[in-house]
Amino acid sequence: MQGEKVAQKSCNREQVEELHRLKEQIELQEALFNIKHKIVVLSGKGGVGKSSVAVNLAVALSLSGKKTGLLDVDLHGPSIPTLLGIEGRLPATAARIEPVPYSDTLKVMSVGLLLRDQAEAVVWRGPAKHGVIKQFLAAVEWGNLDYLIVDCPPGTGDEPLSVIQLLEGAEGAVIVTTPQDVALTDVRKSVTFCRQMKLPVIGVVENMSGFVCPHCGEGVDIFKSGGGKLMADEMSVPFLGRIPLDPAMVRAGDEGEPLVEHRADSPTAKAFAEIVATVAARCDTAVNAAREGGQ
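All values reported here derive from a predicted model rather than from experimental measurement.

> Go over helix 2 (residues 50-63) with me, naming the residues and quoting the values.
Taking 1.5 Å per residue as the helical rise, helix 2 with its 14 residues ought to reach 20 Å, and the 20 Å between its terminal C-alpha atoms agrees with that figure. Buried residues dominate helix 2, accounting for 12 of its 14 residues. Those residues of helix 2 that sit buried are Lys50, Ser51, Val53, Ala54, Val55, Asn56, Leu57, Ala58, Val59, Ala60, Leu61 and Ser62. Downstream of helix 2 by a residue or two, Gly65 has a phi angle that is positive, lying close to 95°.

> Could you give an account of the UniProt feature "binding site: ATP" (unreviewed entry) in the protein chain, with specific residues and numbers?
In the numbering used here, UniProt assigns the feature "binding site: ATP" (unreviewed entry) to Gly44, Lys45, Gly46, Gly47, Val48, Gly49, Lys50 and Ser51. Summarising the element assignment, Lys45 is placed in the loop between strand 1 (35-43) and helix 2. With residues up to four places along the chain from it excluded, the contact list for Lys45 reads Pro154, Val182, Ala183 and Asp186. Inspection of the secondary structure assignment puts Val48 in the loop between strand 1 and helix 2. Not counting chain neighbours up to four residues away, the residues in contact with Val48 comprise Ser43, Val176, Thr177, Thr178, Ala183, Asn207 and Met208.

> Tell me what's going on with the sheet that holds strand 8 (residues 172-177), and back it up with residues and numbers.
Strand order in this open sheet of eight strands is 5-6-2-7-1-8-9-12, and the pairing throughout is mixed. Whereas interior strands pair on both sides, the edge strands pair on one side only; in this sheet they are strand 5 (100-103) and strand 12 (239-242). This sheet shows a mean twist of 20° between the axes of neighbouring strands, independent of strand direction. Sheet topology note: the strand 8/strand 9 (residues 201-206) ladder contains five bridges and is parallel. Considered in strand 9, the bridge of Ala173 is made with Val201. Sheet strands in contact with helix 6 (residues 181-196) are strand 1, strand 8 and strand 9, and its direction is about 175° off that of strand 8.

> Account for empty space enclosed by the protein, naming residues and giving values.
Counted according to the given criterion, the structure contains one cavity of 30 Å³ or more. In this structure, the largest cavity spans a volume of roughly 60 Å³. Lining the largest cavity are Ser52, Val55, Asn56, Leu83, Met249, Ala252, Gly253, Glu257, Pro258 and Leu259. Listing elements by their share of the lining of the largest cavity, those giving two or more residues are helix 2 and helix 8 (247-255). Along the lines of polarity and charge, the residues of the lining of the largest cavity split into six nonpolar, three polar and one charged.

> Break down the packing of helix 6 against helix 7 (residues 227-235) for me, with residues and values.
What describes two packed helices is the angle between their axes and the distance between those same axes. Contact geometry for helix 6 and helix 7: axes closest at 11 Å, N-to-C directions at 35°. The element helix 6 and its partner helix 7 pack so that their crossing is right-handed. In this structure, helix 6 contributes Leu184, Val187, Arg188, Val191, Thr192 and Arg195 to the contact, and helix 7 contributes Gly227, Gly228, Met231, Glu234 and Met235. A per-class count over the contact of helix 6 with helix 7 returns five nonpolar, three polar and three charged.

Rules of the game
- Residues numbered from 1 in each chain as written.
- Predicted model: local features only at pLDDT ≥ 70, side-chain atom pairs only at ≥ 80, totals over all residues.
- Heavy atoms only, no water.
- Helix = DSSP H or I, 4+ residues; strand = E, 2+ residues; numbered from the N terminus.
- Expected span 1.5 Å × (residues − 1).
- Buried < 20%, exposed > 50% of the residue type's maximum accessible area, 1.4 Å probe, protein only.
- UniProt positions renumbered as here; feature names shortened; annotations may be inferred.
- Contact = heavy atoms within 4.5 Å.
- Pairing = 2+ DSSP bridges.
- Axes fitted to C-alpha atoms, helices over the stretch in contact; angles between N-to-C directions.
- 1 Å grid on protein atoms, 1.4 Å probe; cavity = no way out; pocket = protein on both sides within 12 Å on 5 of 7 lines; lining within 4 Å.
- Points joined across faces, edges and corners; volume = space filled by probe spheres on them.
- Nonpolar A, V, L, I, M, F, W, Y, C, P; charged D, E, K, R; others polar.
- Left-handed = near helix turned anticlockwise from the far one by under 90°.

Now the structure itself:
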């Protein structure tokens, strides 16, 4: 008799846990339902300018009139608030978390916006990180968005894995690399990771691809050039384009003024514009193909 009571309690606890999981899943689906395109920005290693690419991609989309969200899940090194000049702007909290508005068409969420001191270290293990990422997706009031850009930390660890598992129906990944071999070796792993997770690769961006002198206009391949295109061809994934190494890009990041917005006439901003146009076109193509397949 006593054993039956124990079994009954255990069963009830399991049922409660299952109901809790279902509730969380429904909340997540409801939060993401009104987001048309979801794009993950990845890199195989750090130092390739992935966050700068994510910021300029999101800002360029928002400047074109698209309602855009930018989610920073680089929990240990959140740089999005600095790159956008919104450090210290705390998200509003009511029933749900309100992302910080950068503009009328761009909303931002980052753990960096929740830190009282930017020097504070975030020390979390895998399960805690998964929980925070789930909360950023499900408990943040993203509203109706044309695009949600998710900036992941380098590599193929907990954060990218959690994002891809939680973002059902994500459009795909934009993978950022630099031309030198050490970066290309790691970015191949990102392509393989996407394939293992069944996440389409929208394309590869070769950042810091050559240096154009701001005085004479002469180009110098400091980190080589063309490696990203060769790797993309080798791995049979699309190549989106090259972003030159530009001192103005560095200044823009330090000053919190995205290059595509404040130096729109620069060669680097124009290179971004071509990449953004290609990404948007591929997202629209994927949606149209999905609609036709569902008919």
